[in-house]
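Coordinate inspection notes
Chain by chain, the residues:
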Amino acid sequence: MFDIVQNISILKSQLPQSVKLVAVSKTKPVSDILKAYNTGQRCFGENRVQEIISKKDHLPSDIEWHLIGHLQSNKVKSIVSFISMIESVDSFRLLQVINSEAQKAGRKIDCLLQIYIASEETKYGFTIQELKKELESGVLNDMHNISICGVMGMATCSTDTVKIEHEFRTLREYFLFLKDTFFKADNKFREISMGMSGDYELAVKEGSTMVRIGSLIFGER
Ligand SMILES: *Cc1c(COP(=O)(O)O)cnc(C)c1O
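Presented here is a report on the structure given in the accompanying data block. Computed from a predicted model, the values in this text were never measured in an experiment.

Procedures and definitions
Residues numbered from 1 in each chain as written. Predicted model: local features only at pLDDT ≥ 70, side-chain atom pairs only at ≥ 80, totals over all residues. Heavy atoms only, no water. Helix = DSSP H or I, 4+ residues; strand = E, 2+ residues; numbered from the N terminus. Buried < 20%, exposed > 50% of the residue type's maximum accessible area, 1.4 Å probe, protein only. Lys, Arg positive; Asp, Glu negative; His and termini not counted. Salt bridge = Lys/Arg side-chain N within 4 Å of Asp/Glu carboxyl O. Contact = heavy atoms within 4.5 Å. Pairing = 2+ DSSP bridges. Right-handed = clockwise from strand over helix to strand, strands pointing away. Polar contact = N/O pair within 3.5 Å; in protein donor to acceptor, adjacent residues only side chain to side chain. Near = heavy atom within 4 Å. Areas by Shrake-Rupley, 256 points an atom, 1.4 Å probe, with all protein chains shown as cover. Core = buried A, V, L, I, M, F, W, Y, C linked by side-chain atoms within 4.5 Å.

**Quick word on the side chain of Lys28**
- The topology assignment puts Lys28 in the loop between strand E1 (20-24) and helix H2 (30-37).
- In this structure Lys28 is buried but unpaired, with Asp32 as the nearest side chain of opposite charge at 5.4 Å.
- Beyond its immediate stretch of four places on either side in the chain, Lys28 contacts Ile33, Glu51, Lys55, Phe218, Gly219, Glu220 and Arg221.

Now the structure itself:
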């Protein structure tokens, strides 16, 4: 039996104060989330819209929900009223939809740009070339209902730590490039969301500001 309370306390004692813990609760029941909540954890990550919606009404309203999985444009409407951050923005078409739904809801939504860093075909995300091209075109200028808060990425699922380290370092370099080129005066652009149960220590070493950890807290899925 996994001890959620103990797992969180161990993790918190290991993470630098400056690194935010997103507790990834996908597939886990509301009762598990409550156990984590009662330790003081407020930020939870889910990868499916339907799942967040069905859980959130049974949980305290001061939970900060982060969407960390691929989001379809037609589902934006159903989360825009409460979502705290969308970490998995992987197209400007999606960003436009988030912006316009946020406007209708009278909100401004924090987003991360998901960047592709792994050597796996299945992972979503922008390439840095795509991002550069889009951002140069001024696509963000008219989007007043979103804040771009930084970048998110997933390393290759591998035991090759040199490779993973290299991917995290690359994501940090992309972050610094984007910050310097497009977000210099923007204080909100400051997050590098990288690191999961298997690789968060490497990610923290490489400059992560936000780790997304599921199985180390809640047990295997
Ligand atoms: C599931 C998931 C995580 C957490 O994975 P663990 O290995 O259980 O820590 C982190 N990020 C994303 C995008 C995920 O889908």
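**Observations concerning the pattern of salt bridges**
- A full pass over the atoms with the stated rule returns 15 salt bridges.
- We note a salt bridge from Lys56 to Asp57, for which the minimum N-O separation is 3.1 Å.
- Owing to a relative accessible area of 24%, Lys56 belongs among the partly exposed residues under this scheme.
- The residue Glu191 makes a salt bridge to Arg190 at a minimum N-O spacing of 3.8 Å.

**Some words on the pairing of strand E6 (residues 146-152)**
- Judged by how many residues are buried, E6 sits mostly within the fold: seven of seven residues are covered.
- Across three bridges, E6 lies against strand E7 (residues 191-193) in parallel orientation. Within E7, the position partnered with Met152 by the bridge is Ser193.
- Handedness of the E6-helix H7 (residues 161-182)-E7 crossover: right-handed.

**Details of the side chain of Lys55**
- Relative to the assigned elements, Lys55 resides in helix H3 (residues 49-56).
- Within the structure, Lys55 has its side chain in polar contact with the backbone oxygen of Lys28 (distance 2.8 Å).
- Here Lys55 is in contact with Ser25, Lys26, Thr27, Lys28, Val30, Ile33 and Glu46, once residues within four sequence places are set aside.

**Considerations on the site of the ligand**
- Contacts to the ligand come from Val24, Lys26, Ile68, Met154, Met196, Ser197, Arg212, Ile213, Gly214, Ser215 and Arg221.
- One nitrogen or oxygen atom from the side chain of Ser197 is found 2.5 Å from an oxygen atom belonging to the ligand.
- At 2.7 Å, a side-chain N or O of Arg221 approaches an oxygen atom of the ligand.
- Isolated, the ligand exposes 390 Å² of accessible area, and the fraction of that covered by the protein chains is 91%.

**Things to note about the nonpolar core**
- Among the nonpolar cores identified, the biggest contains 63 residues, and Ile86, Leu95, Ile98 and Leu140 are the most heavily contacted of them.
- At six residues, helix H5 (residues 92-105) tops the list of elements feeding residues into this core.
- Setting aside residues no more than four positions away along its own chain, Ile98 makes contact with Leu71, Val76, Val80, Ile86, Val89, Ile109, Cys111 and Ile146.
- In terms of nonpolar packing, the next biggest core, distinct from the first, is built from seven residues, Cys43, Met85, Met152 and Met210 among them.

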